[in-house]
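Here's the letter readout for the chains.
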Amino acid sequence: TTGINRPGYILTWNTRADGRGSNYHAGQTISNLSTNDGAKITLYANWTKINYSIRYHMNGGSNPSTNSSGRNVEQSSLMLSGATKSYANFLGWYASQDEADQAKARAFENKELVAPITELNADTLTKYAKLDRNQYVVDLYAAWKPFTYTVTYHSNATESVGWTGEDGKVLTGEDGKVLTSQVVTYEVGTNGCYEEAPKYPGYTQTNWNTRIDGKGSNYRVGSRFSNLTVTDGEEIDLYAIWNRNNY
């Protein structure tokens, strides 16, 4: 018997219209259905709806209970709820980890995202399902953009100072006050507080501080830091703290 297509259903052929006769798989080779010469055998299409399993790959996030773990094409369309993750913005559901990673990359580049999967319906179920251990499965991957914040370094000196950056160039801020800024991704961190401190004649830098008077949080020069804030897009100021050299 040859198969015909009905998305969302599995086809078998049966010798009875109510499906209670002998059953044959679509595409199966059959023979000897009757011992009577010239007999006519009628086979009826028998459709069984597929129950799709929905697997959510959270990538560190949490899935709301409103997102179904199983659907079929006879059910009404279900809008997917957004997932949640600490210190990250949810970008959408995608059909593969690669697509989720691409969405993250495009978000960091401020590029338009490829449209995510927003609902479970007959079209999405039949388009994205694959057979896995005799079960039809739709895999959905959460895409995230971690929070970012900007760290600005201030010389905190009365005289203009120079700072040799990673490219070997001397960085000098306007009036010697602002040296440089960098964007930091939450949980990733940065090689913050550069290895080489600013140069301020007659003084030695002891650390960086979140307050200009040195009464905030201290960060050692050249140390690595991360997660200075839990607020997306916040601006953090670090000030050089100096000790006068005694000769």
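Residues numbered from 1 in each chain as written. Predicted model: local features only at pLDDT ≥ 70, side-chain atom pairs only at ≥ 80, totals over all residues. Heavy atoms only, no water.

1. Structural notes on helix α1 (residues 97-108)
Next, step 1: Look at α1: 17 Å from first C-alpha to last across 12 residues, which is about the 16 Å you get at 1.5 Å a residue.
Next, step 2: Within the sequence span of α1, burial applies to Ala100, Ala103 and Ala107. Relative to the axis of α1, the buried residues are bounded by an arc of 55 degrees and lie together on one face.
Next, step 3: Residues of α1 that are buried make contact with β7 (88-94) and β10 (135-146). (Helix = DSSP H or I, 4+ residues; strand = E, 2+ residues; numbered from the N terminus. Expected span 1.5 Å × (residues − 1). Buried < 20%, exposed > 50% of the residue type's maximum accessible area, 1.4 Å probe, protein only. Arc of directions from axis to C-beta. Contact = heavy atoms within 4.5 Å.)

2. Focus: the sheet that holds strand β1 (residues 9-14)
Next, step 1: As summarised here, the arrangement of the three strands in space is β2-β1-β3, forming an open sheet in which the pairing is antiparallel. Because the sheet does not close on itself, it has two edges, and the strands there are β2 (23-25) and β3 (44-49). Going across the sheet, the axis of each strand differs from the next one's by a mean of 40 degrees, ignoring polarity.
Next, step 2: In the sheet, β1 pairs with β3 via six bridges, with the strands oriented antiparallel. Directly across from Asn14, in β3, lies its bridge partner Tyr44. (Pairing = 2+ DSSP bridges. Axes fitted to C-alpha atoms, helices over the stretch in contact; angles between N-to-C directions.)

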